[in-house]
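As a plain string of letters, each chain reads:
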Amino acid sequence: MTTLVTGATGNTGRHVVAELVRRGERVRALSRDPAANAGRFPAEVELVAGTHTTPEKLDAALHGVDRLHITVTAGLAEVGPELVQRAVATGVRRITVLWGGWVGPVEQAVADSGVEWTRLEAQEFMSNTLSWAESIRAEGVVREPYDFPSALVHEADIAAVAAVALLDDGHAGRSYNLTGPEALTPRERIAILSRAVRRDIAFEPITHEQAIDRLMATGVSRADAEYVVGWYAEPSDSSTTVDDTVARVTGRPARTFTRWADEHADRFQAGE
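Just so we're clear, the structure is a prediction, and the values are computed from it rather than from any experiment. (Residues numbered from 1 in each chain as written. Predicted model: local features only at pLDDT ≥ 70, side-chain atom pairs only at ≥ 80, totals over all residues. Heavy atoms only, no water.)

Moving on to the pairing of strand β5 (residues 94-98). Of all the five residues making up β5, five are buried; the element is thus mostly covered by neighbouring parts of the structure. In this structure, strand β4 (residues 67-71) lies alongside β5, joined through five bridges in parallel fashion. The residue bridging Arg 67 from the neighbouring strand is Arg 94, located in β5. After leaving β4, the chain enters helix α4 (residues 80-89) and then returns to the sheet as β5, a path that is right-handed. Of the strand pairs in this sheet, β5 and strand β6 (residues 116-122) are connected by five bridges, and their pairing is parallel. In the strand pairing of β6, Thr 96 is matched with Thr 118. (Buried < 20%, exposed > 50% of the residue type's maximum accessible area, 1.4 Å probe, protein only. Helix = DSSP H or I, 4+ residues; strand = E, 2+ residues; numbered from the N terminus. Pairing = 2+ DSSP bridges. Right-handed = clockwise from strand over helix to strand, strands pointing away.)

Below, the structure written as structure tokens:
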């Protein structure tokens, strides 16, 4: 049986590929540029050209696929239902979907697909911390508008749950809230990062509007920037409360932010 992983080169997708390979599964990884990404995956992974935002061009990639992992990203809401429809028509019988933060058109299409599905409702990714890397490297400073806790989840734990749901029975029709083992404020994460990189890192508050302007400067629309900053301004209970789903599904504790910081310390070092 073959599993197609969309977003295979992303922060979570690459972990899904690795976890499936570790479990001895046949994996097909979707990539805009297979040649450029060939060295990022084990030799047994089949890299295929394409992107999930152009499902009309994915018939060849979907051919012979039994299971599908979808990561909901920007631009997928409009075409995602077509992706799901084409996948089911070509023989996919089990789907995991890493949601985009709410049950939108893609998530609903998966739930209505008529095949086995599992929705991964991950809260904040630990990899979001990489947005601090540039200012930490250059100035030793993190600037954020709020200091509320977040139960961040390690991307590899999202992948581990995805692999279980794709390969094992008993997860159909489930929505899994995924968090890490602790809720941490930005200041607490900064303290952990400081120890990992052996450097003092300062926290400087900025205003809500400054945070929106910073995101818009990267090309994000105002509506999307307001949504993201608003999420931090008024975090939901599910994003601040530790959930033991990772441990229950995988049979082992969720990874800590300290572990993530140690794994990525070089990304925050000056000169990197």
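A few words on the sheet that holds strand β1 (residues 2-5). Adjacent strands of a sheet form backbone hydrogen bonds with each other and so pair up, either parallel or antiparallel. One open sheet holds the seven strands; their spatial order is β3-β2-β1-β4-β5-β6-β8, and the pairing between them is parallel. One side of each edge strand has no neighbouring strand; the edge strands of this open sheet are β3 (46-49) and β8 (174-178). When strand polarity is set aside, the average angle formed by the axes of neighbouring strands in this sheet is 20°. Pairing of β1 with strand β2 (residues 26-31) involves four bridges; the strand directions are parallel. (Axes fitted to C-alpha atoms, helices over the stretch in contact; angles between N-to-C directions.)

Together, Trp 102, Tyr 227 and Val 228 line one region of the surface with nonpolar side chains, adding up to about 290 Å² of accessible area. Following the sequence through the fold, Tyr 227 ends up in helix α10 (residues 222-233). Judged by its relative accessible area of 40%, Tyr 227 is partly exposed. (Patch = residues over 30% accessible without salt bridge, like charges linked within 9 Å, V, L, I, M, F, W, Y side chains within 5 Å. Areas by Shrake-Rupley, 256 points an atom, 1.4 Å probe, with all protein chains shown as cover. Salt bridge = Lys/Arg side-chain N within 4 Å of Asp/Glu carboxyl O.)

Unlike most non-glycine residues, Arg 198 shows phi in positive territory, near 55°. Checked against the element boundaries, Arg 198 lands in the loop between α8 (186-197) and β9 (202-205).

Now for the nonpolar core. Counting 27 residues, the largest nonpolar core has Val 5, Val 17, Leu 20, Leu 120, Ile 158, Val 161 and Leu 178 as its most contacted members. Mapped onto this core, the elements with two or more residues apiece are α1 (13-22), β2, β6, α7 (155-167), β8 and α12 (245-250). Broken down by element, the residue count for this core peaks at eight residues, all from α7. Leave out the neighbours within four places in its chain, and Ile 158 touches Thr 12, Leu 98, Leu 120, Ala 122, Phe 125, Val 153 and Leu 178. (Core = buried A, V, L, I, M, F, W, Y, C linked by side-chain atoms within 4.5 Å. Contact = heavy atoms within 4.5 Å.)

Quick look at the environment of Gly 104 now. With respect to the helices and strands, Gly 104 occurs in the loop between β5 and α5 (105-111). Note on Gly 104: relative accessible area 8%, which makes it buried. A sequence separation of 161 residues divides Gly 104 from Ala 265, and the C-alpha atoms of the two residues are 35 Å apart.

What follows concerns the packing of aromatic side chains. Enumeration according to the criterion identifies five aromatic pairs in this entry. Taking 5.3 Å as the distance between ring centres and 70° as the angle between the ring planes, the aromatic pair formed by Trp 102 and Tyr 227 counts as edge-to-face. One end of the pair, Trp 102, is in the loop between β5 and α5; the other, Tyr 227, is in helix α10, and 125 residues separate them in sequence. Given the relative accessible area of 46%, Trp 102 is considered partly exposed. Measuring from centroid to centroid gives 5.8 Å for Tyr 146 and Phe 148, while their planes differ by 10°, and the two rings are stacked. For Phe 148, a relative accessible area of 40% translates into the label partly exposed. Put simply, the rings of Phe 257, Trp 260 and Phe 268 touch in pairs and so form one group of aromatic residues. For the cation-ring pair, Arg 189 lies above Phe 257, with the distance from its terminal atom to the ring centre recorded as 5.9 Å. (Phe/Tyr/Trp six-rings, centres within 6.5 Å; stacked < 30°, edge-to-face > 60°. Lys NZ or Arg CZ within 6 Å of the ring centre and 35° of its normal.)

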